[in-house]
Amino acid sequence: MDGFQPLRSTAGFGELLRIRRERVGLTQQVLADHATLSVRAIRDMESGRVQRPRQETVRLLADALRLEGGIRSNFEAAARRQTFVEESPDEPTAPPAARGAIVGRELEAEVLTDALAVHGDRLVTVAGLGGAGKTRLVLEVARRLHHASRWSVRWIDCVRQPAAGLERRAEFARAIGERPTLLVLDGADAGVDTVLLDDLFHRCPGLRVVITARLPQPLPGGQVIPLAPLPTPGPELDHDPVALAEVGAVRLLLSHLRRLRPGYRMEPDEAPAIAALCRQLDGLPGALEFAAGWSTVLSPRQLVAQLADGPFQLAPPPAGYGGGADVGAALGAALDRLTLDQRDLLERLAARPGDWSGEDAVELSGRPPQEGLAAVHELLASGLIRSVPARDGVRFTVLNLCRRLCGGAYPELAAAS
């Protein structure tokens, strides 16, 4: 708040609706439910496809957002014209609301929060395989910075708002001023405008930018935090429910099961199936949520059997029973980004049982050491391999799901990649 002076900015009704929605921490779905409208209607208004909604629609939105007095009058008037003029808020802008508590990423959340607030990093990319939980992690960090440090948060969904969405943010540079502000570019796989970012950094001393993408991007002065899948339990924990429940992937899976089956407890005889499920799905948060959506009709043992027969053939759960990621599509996209040499090395490593070192990979690749290690680095950045605990240095293993693809069990997915 120090040194911040309210300024005036101009935008369309859709932008005002989005600002008001985010300021009270509502998702599009929750706002649609409160206003008895469809999510598509909210989306169309915020994207600008509908610029002059019906008066009754505006009234329902204003009621759902609990707007009163002059703010409500300004909101209703904005719907009757192309632009509006609004005073910048005294209160910092809130991040979008998350669907639930973050589980298993406490350490990563602390590291990223410290990088921005303590160490002063201004540009950070969180990179990882689709379904690794990048967006959820950044939402948690944004929530901490907003509530504990009073930062404003500007959130751009780059999948729904292409690069032009970032250009619109330049209009807010004067309003941001010196206020501590976090700008999140979520899903910026197509890249970002570094010239525009440099301009924003110059004009807004308190600005920090976090990018989420499936691959790290070479941005001047930027830091990269690779996000690996959650830790999975070793077979030695299968019959130790207490120790098993402390493993990151198991904690997340149990949280989903308890949400869908209130009162659920992991019984000792069910623990091995829970552990096997986490290993089969490599601890990928999106995959765990995807599978848990079927827990109301399938036991963990039955899910293990289903996934063993075909991990990429499990249909999405019915609407309202969880979301999660399409693991096959995420892996296929990651494979598609590999060079032929990288793909060949990955298939050789996938055929090798157990874990391996960088030196093992270099020998297997038949390439000079620097080239072989660079290939391992690219595979790690793509999320197709992961590091594993080892006493004799860094070791790696190929994701179990990736082994299934590379083994030729699903040629249609491999071909689609």
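Residues numbered from 1 in each chain as written. Predicted model: local features only at pLDDT ≥ 70, side-chain atom pairs only at ≥ 80, totals over all residues. Heavy atoms only, no water.

S.K.: Mind showing me how you'd approach the sheet that holds strand β9 (residues 385-388) here?
M.R.: Strand pairing within a sheet occurs via backbone hydrogen bonds; the two strands may be parallel or antiparallel. Taken in spatial order, the 3 strands line up as β8-β10-β9 in an open sheet, and their pairing is antiparallel. Unpaired on one side and paired on the other, β8 (356-357) and β9 mark the two borders of the sheet. For β8 and strand β10 (residues 395-398), the ladder comprises 2 bridges, and the chain directions are antiparallel. Bridged to Trp356 within β10 is Phe396. Against the sheet, helix α19 (residues 369-382) makes contact with β8, β9 and β10, and its axis sits at roughly 100° relative to β9, the strand it touches most. (Pairing = 2+ DSSP bridges. Helix = DSSP H or I, 4+ residues; strand = E, 2+ residues; numbered from the N terminus. Contact = heavy atoms within 4.5 Å. Axes fitted to C-alpha atoms, helices over the stretch in contact; angles between N-to-C directions.)

S.K.: Is there a simple way to think about the nonpolar core in this case?
M.R.: Taken as a class, soluble globular proteins show a tendency for nonpolar side chains to be buried jointly. Leu116, Leu182 and Leu346 are the most contacted members of the largest nonpolar core, which totals 78 residues. For this core, the element with the most residues is helix α13 (residues 271-280), which contributes 7 residues. With residues up to four places along the chain from it excluded, the contact list for Leu182 reads Leu116, Ala142, Leu145, Trp151, Ser152, Val153, Arg154, Arg208 and Val210. Ile42, Met45, Ala62 and Ala64 belong to the second largest nonpolar core, which has 19 residues in total. (Core = buried A, V, L, I, M, F, W, Y, C linked by side-chain atoms within 4.5 Å. Buried < 20%, exposed > 50% of the residue type's maximum accessible area, 1.4 Å probe, protein only.)

S.K.: What's the story with the packing of aromatic side chains in this structure? I'm lost.
M.R.: Aromatic ring pairs are defined here through the distance separating the ring centres and the angle between the ring planes. Tallied over the entire structure, the rule returns 1 aromatic pair. Consider the rings of Trp356 and Phe396, whose centres lie 5.5 Å apart with planes at 35°: the pair is tilted. Linking Trp356 in strand β8 with Phe396 in strand β10, this pair joins segments that are 40 residues apart in sequence. We note that Trp356, like Phe396, is buried. (Phe/Tyr/Trp six-rings, centres within 6.5 Å; stacked < 30°, edge-to-face > 60°.)

S.K.: Sorry if this is basic, but what is going on with the sheet that holds strand β7 (residues 223-226) here?
M.R.: Across the sheet, which stays open at both edges, the 5 strands sit in the order β4-β5-β6-β3-β7 with parallel pairing between neighbours. Here the strands that pair on one side only, and so sit at the sheet edges, are β4 (152-157) and β7. Mean inter-strand twist for the sheet, computed between neighbouring axes without regard to direction, equals 20°. Summarising the sheet, strand β5 (residues 181-186) and strand β6 (residues 207-213) pair through 6 bridges and their orientation is parallel. When the bridges of β6 are listed, Thr181 appears paired with Leu207. Running over the sheet, helix α7 (residues 134-149) touches β3 (123-127), β4, β5 and β6 and is turned about 160° from β4.

S.K.: Is there a simple way to think about the pairing of β6 in this case?
M.R.: The two faces of a sheet get side chains in turn, since along a regular strand they alternate between them. Of all 7 residues making up β6, 7 are buried, and the element is well covered by its neighbours. Burial along β6 is two-sided: the face carrying Leu207, Val209, Ile211 and Ala213 and the face carrying Arg208, Val210 and Thr212 are both buried. Bridge analysis of β3 against β6 gives 5 bridges, and the strand direction is parallel. Within β6, the residue paired with Val124 across the bridge is Val210. Handedness of the crossover joining β5 and β6 through helix α10 (residues 194-203) is recorded here as right-handed. (Right-handed = clockwise from strand over helix to strand, strands pointing away.)

S.K.: Which parts of the structure should I look at to understand the layout of surface pockets?
M.R.: Rolled over the atoms, a probe sized like a water molecule indicates the empty space that remains. For the second largest pocket, the calculated volume is near 820 Å³. Lining the second largest pocket are 31 residues, and of these Ala228, Arg386, Ser387, Val388 and Thr397 sit closest to its centre. Secondary structure elements with two or more residues in the lining of the second largest pocket: β7, α19, β9 and β10. (1 Å grid on protein atoms, 1.4 Å probe; cavity = no way out; pocket = protein on both sides within 12 Å on 5 of 7 lines; lining within 4 Å. Points joined across faces, edges and corners; volume = space filled by probe spheres on them.)

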